[in-house]
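Take a look at the letters that make up each chain.
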Amino acid sequence: MNPKKSDVTPVGLFLRRLRFEHNESQEEMAQKLGITAPYISLLEYRQPLTKKLALGIIRSYNLSGKEKDAFVNMVTNDVVQRFWGKVG
């Protein structure tokens, strides 16, 4: 089954935007973060981020201020929804 563009998670969209802003391929982003390109693809579609990887993204891409806050909220919401279902 091939994922559809509509299956991309909010975290996945954020990662894609980061890649495009830095003119990076999945392979280049993966190398920067110390993971594999297929794992980047999983992150864009369905795999939740670990705390360690989220912190690595914040550091590697110098996220700060509102951008960092938005990213942290996305990651938190993703984890909550995946493990406890939609809240509210």
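Structure shown above.
Reading the values: the criteria
Residues numbered from 1 in each chain as written. Predicted model: local features only at pLDDT ≥ 70, side-chain atom pairs only at ≥ 80, totals over all residues. Heavy atoms only, no water. Helix = DSSP H or I, 4+ residues; strand = E, 2+ residues; numbered from the N terminus. Buried < 20%, exposed > 50% of the residue type's maximum accessible area, 1.4 Å probe, protein only. Contact = heavy atoms within 4.5 Å. Phe/Tyr/Trp six-rings, centres within 6.5 Å; stacked < 30°, edge-to-face > 60°. Lys NZ or Arg CZ within 6 Å of the ring centre and 35° of its normal. Salt bridge = Lys/Arg side-chain N within 4 Å of Asp/Glu carboxyl O.

> Could you give an account of the side chain of Arg19, with specific residues and numbers?
Following the sequence through the fold, Arg19 ends up in helix α1 (residues 10-21). Arg19 sits in the buried class, given a relative accessible area of 8%. What Arg19 contacts, discounting residues up to four positions off in sequence, is Glu24, Ser25, Gln26, Met29, Ile40 and Glu44.

> Residue-level account of unusual backbone geometry, with values.
Positive phi is not limited to glycine here, since Asn23 has a value of about 50°. Assignment of secondary structure puts Asn23 in the loop between α1 and α2 (26-33). Note on Asn23: relative accessible area 69%, which makes it exposed.

> For the packing of aromatic side chains, give the residues involved together with the corresponding values.
Under the defined criterion, the tally for this structure stands at one aromatic pair. Over the aromatic face of Phe14 sits the side chain of Arg17, whose NZ or CZ is 4.7 Å from the ring centroid.

> An account of the pattern of salt bridges is needed here, citing residue identities and associated values.
Inspection of every chain in the model, using the stated rule, returns five salt bridges. A salt bridge links Glu21 to Arg17; the shortest N-O distance between them is 2.4 Å. Placement of the pair is Glu21 and Arg17 together in helix α1, with a separation of four residues, close to one helical turn. Linking Lys32 and Glu24 is a salt bridge whose minimum nitrogen-to-oxygen distance equals 2.8 Å. Beyond isolated ion pairs, a larger network of salt bridges with shared partners links Arg16, Arg19 and Glu44.

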